[in-house]
Amino acid sequence: METDCNPMELSSMSGFEEGSDLNGFEGTDVKDMRLEAEAVVNDVLFAVNNMFVSKSLRCADDVAYINVETKERNRYCLELTEAGLKVVGYAFDQVDDHLQTPYHETVYSLLDTLSPAYREAFGNALLQRLEALKRDGQS
């Protein structure tokens, strides 16, 4: 199951809102990939063992690196760019330039391909959210 939504229904993934003049970038499409990476981590931390923006690999306006350990205890280094996310290494803070992996538009689809336990955790979180909405609607 591939999905591009967050079961927690966070209002803003990146903290950038259309039309805002956040960080002095009014009217531009400039993104700080470190902020984007932090938002990615916050969105899916509930469904992995560990996930954090790399402190040792260079982050810039156009690229950031995220380390993730799945519930299966597999470790990956992810590259985040405008093209999406892709696996660039099979250990924290490791970039293998010869590794050819596809880009994923969202962290959800990437983790969906890497981790069956992520799919289960995502599904459970979604079910809990739906049950809470049902309870709220009945009261």
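Given the structure is predicted, the values throughout are model-derived calculations rather than measurements.

Peer 1: I'd like a description of helix 3 (residues 116-138), backed by residues and values.
Peer 2: With 23 residues, helix 3 should cover 33 Å at 1.5 Å per step; its first-to-last C-alpha distance of 33 Å lies within 8% of that length. Within helix 3, the full set of buried residues consists of Tyr118, Ala121, Phe122, Ala125 and Ala132. Tucked inside the fold, the buried residues of helix 3 contact helix 1 (33-44) and helix 2 (107-114).

Peer 1: Account for helix 2, with residues named and values stated.
Peer 2: With seven of eight residues buried, helix 2 is to be regarded as a mostly interior element. On its buried face, helix 2 sits against helix 1, strand 1 (50-53), strand 2 (64-69), strand 3 (75-81), strand 4 (84-89) and helix 3.

Peer 1: Pulling in residues and values, what's your account of unusual backbone geometry?
Peer 2: Backbone geometry at Arg73 places phi at a positive 70°, although glycine is not the residue there. Its place among the elements puts Arg73 in the loop between strand 2 and strand 3. Phi at Asp93 is positive, roughly 60°, even though this residue is not glycine. Residue placement: Asp93 occurs in the loop between strand 4 and helix 2. Overall, the relative accessible area of 32% leaves Asp93 in the partly exposed class.

Conventions we followed
- Residues numbered from 1 in each chain as written.
- Predicted model: local features only at pLDDT ≥ 70, side-chain atom pairs only at ≥ 80, totals over all residues.
- Heavy atoms only, no water.
- Helix = DSSP H or I, 4+ residues; strand = E, 2+ residues; numbered from the N terminus.
- Expected span 1.5 Å × (residues − 1).
- Buried < 20%, exposed > 50% of the residue type's maximum accessible area, 1.4 Å probe, protein only.
- Contact = heavy atoms within 4.5 Å.

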